[in-house]
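Close look at the chain arrangement
This is what each chain is made of:
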Amino acid sequence: MILNPEYWLWTGELDKGLCDLIIDCGNSQKLEDGIAGGEVNEDVRRSKIGWVPPIHWITAITNMYGKLANEQAWQFDATGQDGVQFTRYGIGEHYKPHMDTHALSDDMRKISLVIQLNKPEDYEGGEFHFINEDGEGETVEGFKEQGSILVFPSFRLHQVTPVTSGTRHSIVTWFIGPQLK
């Protein structure tokens with residue numbers, strides 16, 4: 001499938017105070033090990049996650065930006081949001097190349113959204129990359145800026161490289177709908 005655009009990016013969209021508030025909300029939760037493929041597998045993913053309640057102001061923000069990007073870019077049949085996840089990556093933590101969508105179903109993930117909550121100088125490593133056809137990582141220019149929002153089709157292969165210093169915080173959510181036809 002040829003995507004045009006391949007992703008939608010707002011650079012530095014959310015201000016520092018709002019990003020700090022989201023980090024405080026996320027870190028106040030009981031965080032658990034991130035899962036991949038339905039289980040904890042630290043070879044594939046190492047991070048701590050918590051879930052934002054379905055009716056919450058953070059969910060309203062993600063819902064607005066996800067819908068706007070989809071309406072402007074792809075117009076996928078998306079009927080809802082599949083949870084909002086706060087993610088914290090510490091030193092050595094990562095998420096190897098993966099897609100956010102799984103088997104075709106009537107509630108499949110179609111659109112992914114990631115909000116960068118930290119300032120770039122808060123950590124090293126932890127880069128978000130799309131994986132190109134050669135298996136190499138492609139950096140999304142401008143995404144590392146605090147408050148940036150990246151929206152992309154959930155079937156795009158992507159990763160988060162290991163954090164080498166500091167801590168990286170993000171919000172991730174997915175928009176679901178009937179299977180692609």
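1. Considering the layout of surface pockets
Volume-wise, the largest pocket comes out at about 400 Å³. Along the wall of the largest pocket there are 23 residues; nearest its centre are R45, Y95, H98, D100 and W174. At the level of secondary structure, the elements contributing two or more residues to the lining of the largest pocket comprise β5 (80-89), β6 (94-98), β7 (108-116), β12 (158-160) and β14 (168-177). Looking at the lining of the largest pocket element by element, the count peaks at four residues for β14.

2. Topic: the packing of aromatic side chains
Centre-to-centre distance and the angle between the planes together describe a pair of aromatic rings. The final tally for this structure, using the stated rule, is ten aromatic pairs. Ring geometry for W51 against W174: centres 6.2 Å apart, planes inclined by 50 degrees, an arrangement best described as tilted. Here W51, found in strand β4 (residues 48-52), pairs with W174, found in strand β14; they are 123 residues apart in sequence, far enough to count as distant. Between F130 and F152, the aromatic rings sit 5.1 Å apart at their centres with planes inclined by 85 degrees, giving edge-to-face as the arrangement. Here F130, found in strand β9 (residues 128-131), pairs with F152, found in strand β11 (residues 149-153); they are 22 residues apart in sequence, far enough to count as distant. Residue classification places F152 among the buried positions, given a relative accessible area of 0%.

3. Here's the deal with the packing of helix α1 (residues 16-27) against helix α2 (residues 57-73)
Relative to each other, α1 and α2 sit at 125 degrees, their axes nearing to 11 Å. Between α1 and α2, the angle is such that the two are oblique. Classified by chirality, the crossing of α2 by α1 is left-handed. When α1 is examined against α2, the residues L18, L21, I22 and C25 are found in contact with a partner set consisting of W57, I58 and I61. Of the residues belonging to the contact of α1 with α2, the class tally is seven nonpolar, no polar and no charged.

4. Digging into the confidence of the model for the protein
Chain-level pLDDT for the protein is 94 on average; 98% of the residues reach the 70-or-more range. Averaged pLDDT values for the elements of the protein fall to 89 in strand β10 (residues 137-139) and rise to 98 in strand β13 (residues 163-166).

5. Quick notes on the sheet that holds strand β3 (residues 45-46)
In sheet architecture, strand pairing relies on hydrogen bonds along the backbone and comes in two forms, parallel and antiparallel. Across the sheet, which stays open at both edges, the five strands sit in the order β3-β6-β12-β9-β10 with antiparallel pairing between neighbours. On the outer flanks of this sheet lie β3 and β10, each paired with one strand and no other. Judged from the three bridges that link them, β9 and β12 form a sheet pairing that is antiparallel. The partner of F128 across the bridge, within β12, is V160.

6. Comments concerning the pattern of salt bridges
What the rule picks out here adds up to six salt bridges. Between E127 and K144 there is a salt bridge, and its shortest N-O distance comes to 3.2 Å. Of this pair, E127 sits in the loop between β8 (123-125) and β9 while K144 is found in the loop between β10 and β11, placing the two residues 17 residues apart along the sequence.

7. Quick notes on the pairing of β9
In summary, the side chains of a regular strand alternate between the two faces of the sheet. Alternating residues of β9 divide into F128 and F130 and H129 and I131, and every residue in both groups is buried. Pairing of β9 with β10, which is carried by three bridges, proceeds in the antiparallel orientation. Across the sheet, H129 pairs through a bridge with T139, a residue of β10. Hairpin geometry of β9 and β10 is characterised by an intervening segment of five residues between the two adjacent antiparallel strands and by a positive phi of about 80 degrees at G135.

8. So, the nonpolar core
With 25 residues, the main nonpolar core has W74, I115, L117, I149, V151 and I171 as its most contacted residues. The set of elements that each furnish at least two residues to this core consists of α1, α2, β5, β7, β11 and β14. Not counting residues up to four positions away in its chain, the partners in contact with I149 are W8, L9, W10, E13, L14, Y65, L113, V114, I115 and F143. Residues F143, F152, V172 and W174 belong to the second largest nonpolar core, which totals nine residues.

Cut-offs and rules
- Residues numbered from 1 in each chain as written.
- Predicted model: local features only at pLDDT ≥ 70, side-chain atom pairs only at ≥ 80, totals over all residues.
- Heavy atoms only, no water.
- 1 Å grid on protein atoms, 1.4 Å probe; cavity = no way out; pocket = protein on both sides within 12 Å on 5 of 7 lines; lining within 4 Å.
- Points joined across faces, edges and corners; volume = space filled by probe spheres on them.
- Helix = DSSP H or I, 4+ residues; strand = E, 2+ residues; numbered from the N terminus.
- Phe/Tyr/Trp six-rings, centres within 6.5 Å; stacked < 30°, edge-to-face > 60°.
- Buried < 20%, exposed > 50% of the residue type's maximum accessible area, 1.4 Å probe, protein only.
- Axes fitted to C-alpha atoms, helices over the stretch in contact; angles between N-to-C directions.
- Parallel < 35°, antiparallel > 145°, perpendicular 65-115°, else oblique.
- Left-handed = near helix turned anticlockwise from the far one by under 90°.
- Contact = heavy atoms within 4.5 Å.
- Nonpolar A, V, L, I, M, F, W, Y, C, P; charged D, E, K, R; others polar.
- pLDDT = per-residue confidence, 0-100.
- Pairing = 2+ DSSP bridges.
- Salt bridge = Lys/Arg side-chain N within 4 Å of Asp/Glu carboxyl O.
- Core = buried A, V, L, I, M, F, W, Y, C linked by side-chain atoms within 4.5 Å.

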